[in-house]
Amino acid sequence: HIHPRATELIYVISGEKLRTAFAEENGGRVIVNDIGKGDTTFFPKGLIHYQQNLSCKPATYISALNSEDPGVVTITTKFFQLPNEALQSSLGESKHTVNKLID
């Protein structure tokens, strides 16, 4: 997901291995960090990012955004709302394959 109007900061209260990552603009790097209790990371405004608990134990963290209206865009939901022709072009796949992904 992305937050189009805010940078997000995460501080881990408890947990062993919380994976966080974000992708820079087109052609940029993908930054991946494994963080734990007491660690902090951030996601720059407008960049696709995620966090995933890689441990079997619960992880607790605080997430803070620097806007009272950060917005959120779930990439997969919005992506598959594009016209079929745009999906074919973006994915480099046939109409048949794209239709199978949508169904």
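Scroll up to find the structure this text is about.
Now for a look at the structure at hand.

Rules used throughout
- Residues numbered from 1 in each chain as written.
- Predicted model: local features only at pLDDT ≥ 70, side-chain atom pairs only at ≥ 80, totals over all residues.
- Heavy atoms only, no water.
- Helix = DSSP H or I, 4+ residues; strand = E, 2+ residues; numbered from the N terminus.
- Rg over C-alpha atoms; globule rule 2.2 N^0.38 Å.
- Buried < 20%, exposed > 50% of the residue type's maximum accessible area, 1.4 Å probe, protein only.
- Contact = heavy atoms within 4.5 Å.
- Areas by Shrake-Rupley, 256 points an atom, 1.4 Å probe, with all protein chains shown as cover.
- Lys, Arg positive; Asp, Glu negative; His and termini not counted.
- Charge placed at Lys NZ, Arg CZ, Asp CG, Glu CD.
- Patch = residues over 30% accessible without salt bridge, like charges linked within 9 Å, V, L, I, M, F, W, Y side chains within 5 Å.
- Salt bridge = Lys/Arg side-chain N within 4 Å of Asp/Glu carboxyl O.
- Pairing = 2+ DSSP bridges.
- Axes fitted to C-alpha atoms, helices over the stretch in contact; angles between N-to-C directions.

Turning our attention to the overall build of the chain. Within the chain one finds three helices and six strands. Taken over C-alpha atoms, the radius of gyration comes to 17 Å for the chain, far larger than the 13 Å a tight globule of 103 residues would show. In terms of overall dimensions, the chain has C-alpha extents of about 50 × 30 × 25 Å along its principal axes. Considering the chain as a whole, with its 103 residues, one finds that 22% of them fall into the buried category. Partitioning the contacts of the chain with sequence separation of at least 6, the portion at a separation of at least 24 is 65%. When the accessible area of the chain is evaluated, it comes to approximately 6,900 Å², of which 53% is carbon and sulfur surface. On the chain, the mean spot of the 10 positive side-chain charges and the mean spot of the 11 negative ones are 4 Å from each other.

With that settled, consider a nonpolar patch on the surface. Nonpolar side chains collect at one region of the surface, where Phe80, Leu91, Leu101 and Ile102 lie side by side and expose about 330 Å² of accessible area between them. Position of Leu91 relative to the elements: it lies in helix H2 (residues 84-91). Taking the relative accessible area as the measure of exposure, Leu91 reaches 35% and is therefore partly exposed.

Further remarks concern the sheet that holds strand S3 (residues 30-35). Spatially, S3-S2-S5 is the arrangement adopted by the three strands of the open sheet, whose pairing is antiparallel. Every interior strand has two partners, whereas the edge strands, S3 and strand S5 (49-53), have only one. Sheet twist, expressed as the average angle between the axes of neighbouring strands with direction ignored, equals 15 degrees.

Further remarks concern the sheet that holds strand S4 (residues 40-43). Ordered by their spatial adjacency, three strands build an open sheet running S4-S1-S6, and the pairing between neighbours is antiparallel. A single partner strand is all that each edge strand has here, and the edge strands are S4 and strand S6 (60-65). Across this sheet, the average inter-strand angle for adjacent strands is 25 degrees, counted without regard to direction. Relative to S4, strand S1 (residues 8-14) runs antiparallel, the two being bridged by four bridges. Residue pairing in the sheet places Glu8 in a bridge with Phe43 of S4.

Don't take any of this as a statement about function, it's just geometry.
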